[in-house]
Amino acid sequence: MLGGCNFFQKEKIPVSAPEALSAKAIMYDTNEKLVGEIVFTETTKGVELTAILNSLPPGDHGIHLHEFGKCEPPKFESAGAHFNPTDKKHGVENPSGPHVGDLPNITADESGEVHLNFITADFTLKKGEKNSLFDEDGTSVVIHEKADDYKTDPSGNSGARIVCGVVE
């Protein structure tokens, strides 16, 4: 017997909400093998990063945002240095740091899989902001062979770049 909400409504009222800004980085290893993707979603608390990555060496790995949206294998040097629009030193334990691109270490399980989910307010997806991942030369995400020590400039002694993806 109930007619629902439209029973009392004579005219249709459009309902719309702004779509959340989002981006993703398709991640490839040094042999150009797909290892997963990282999704970036702008929220009211910051940018949320979520991913399931695979085929990584088991153990801890540094992961950083880099200053250029380029990932040329096998060394991924084309990604440049860490994303650092605030001109700080590397690492959350460095009194002169951290870079905006410094992210928490990730841990690959015995099968090489990583589940990533965290929110940071250090950068944005909004174009035109100083800390935007969408500046004139783009941004990439790089995973390193070893854990980041969170203090040694410029890259936390995290070793070679083993995975890279361009944020698009």
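Anyway, here's the lowdown on the structure attached to this text.

Rules and cut-offs
- Residues numbered from 1 in each chain as written.
- Predicted model: local features only at pLDDT ≥ 70, side-chain atom pairs only at ≥ 80, totals over all residues.
- Heavy atoms only, no water.
- Helix = DSSP H or I, 4+ residues; strand = E, 2+ residues; numbered from the N terminus.
- Contact = heavy atoms within 4.5 Å.
- Areas by Shrake-Rupley, 256 points an atom, 1.4 Å probe, with all protein chains shown as cover.
- Buried < 20%, exposed > 50% of the residue type's maximum accessible area, 1.4 Å probe, protein only.
- Pairing = 2+ DSSP bridges.
- Core = buried A, V, L, I, M, F, W, Y, C linked by side-chain atoms within 4.5 Å.
- Disulfide = S-S within 2.5 Å.
- Polar contact = N/O pair within 3.5 Å; in protein donor to acceptor, adjacent residues only side chain to side chain.
- Axes fitted to C-alpha atoms, helices over the stretch in contact; angles between N-to-C directions.

**A few points about the overall build of the chain**
For step 1, the next point in the chain: A count of helices and strands for the chain gives zero helices and nine strands.
For step 2, the next point in the chain: Secondary structure elements of the chain, listed N to C terminal, follow the sequence β-β-β-β-β-β-β-β-β.
For step 3, the next point in the chain: A sequence separation of at least 24 residues applies to 60% of the contacts in the chain between residues at least 6 apart.
For step 4, the next point in the chain: Total accessible area on the chain is roughly 9800 Å²; 52% of this is exposed by carbon and sulfur atoms.

**A closer look at the pairing of strand 1 (residues 22-29)**
For step 1, the next point in the chain: Only one face of strand 1 is buried, namely the one carrying Ala23, Ala25, Met27 and Asp29, since none of Ser22, Lys24, Ile26 and Tyr28 on the opposite face is buried.
For step 2, the next point in the chain: With seven bridges connecting them, strand 1 and strand 2 (residues 34-43) associate as antiparallel partners. In the strand pairing of strand 2, lysine 24 is matched with valine 39.
For step 3, the next point in the chain: Here strand 1 runs beside strand 9 (residues 161-166); their pairing, made up of two bridges, is antiparallel.

**A closer look at the nonpolar core**
For step 1, the next point in the chain: By size, the foremost hydrophobic cluster in this structure holds 29 residues, and its most contacted members are Ile38, Phe40 and Phe123.
For step 2, the next point in the chain: Within the residue set of this core, elements represented by two or more residues are strand 1, strand 2, strand 3 (46-53), strand 5 (63-66), strand 6 (106-108), strand 7 (114-120), strand 8 (140-144) and strand 9.
For step 3, the next point in the chain: If you tally residues by element for this core, the top one is strand 3, at four residues.
For step 4, the next point in the chain: Residues within four places of isoleucine 38 in sequence aside, it is in contact with Ala23, Lys24, Ala25, Met27, Leu49, Thr50, Ala51, Leu53, Ile63, Leu116 and Val141.

**Regarding the state of the cysteines**
For step 1, the next point in the chain: In the structure shown here, the tally under the stated rule is one disulfide.
For step 2, the next point in the chain: Residue cysteine 71 pairs covalently with cysteine 164 via a disulfide, S to S 2.0 Å. An S-S torsion of about -60° defines the bridge between cysteine 71 and cysteine 164 as left-handed. Here cysteine 164 lies in strand 9 and cysteine 71 lies in the loop between strand 5 and strand 6, a separation of 93 residues in the sequence.

**Some thoughts on unusual backbone geometry**
For step 1, the next point in the chain: A cis geometry characterises the amide bond from proline 73 onward to proline 74, with omega recorded as 10°.
For step 2, the next point in the chain: You can see proline 74 is positioned in the loop between strand 5 and strand 6.
For step 3, the next point in the chain: Following glycine 97, the chain continues to proline 98 via a peptide bond in cis, the omega torsion being 5°.
For step 4, the next point in the chain: Residue glutamate 32 is not a glycine yet carries a positive backbone phi of 65°.

**Observations concerning the side chain of histidine 144**
For step 1, the next point in the chain: When you line up the elements, histidine 144 lands in strand 8.
For step 2, the next point in the chain: Since its relative accessible area comes to 2%, histidine 144 is described here as buried.
For step 3, the next point in the chain: Here the side chain of histidine 144 touches histidine 64 through a polar contact of 3.0 Å, side chain to side chain.
For step 4, the next point in the chain: In this structure, histidine 144 is in contact with His61, Gly62, His64, His66, His82, Ser158, Gly159, Ala160, Arg161 and Ile162, ignoring residues within four places of it in sequence.

**Some details on the sheet that holds strand 3**
For step 1, the next point in the chain: Reading across from one edge, 5-8-9-1-2-3-7 is the order of the seven strands in this open sheet, with antiparallel pairing throughout. The open sheet has two edge strands, strand 5 and strand 7, and neither has a second partner. Here the average twist between neighbouring strands, direction ignored, is 20°.

Remember, this is a structural readout, not a statement about activity or role.
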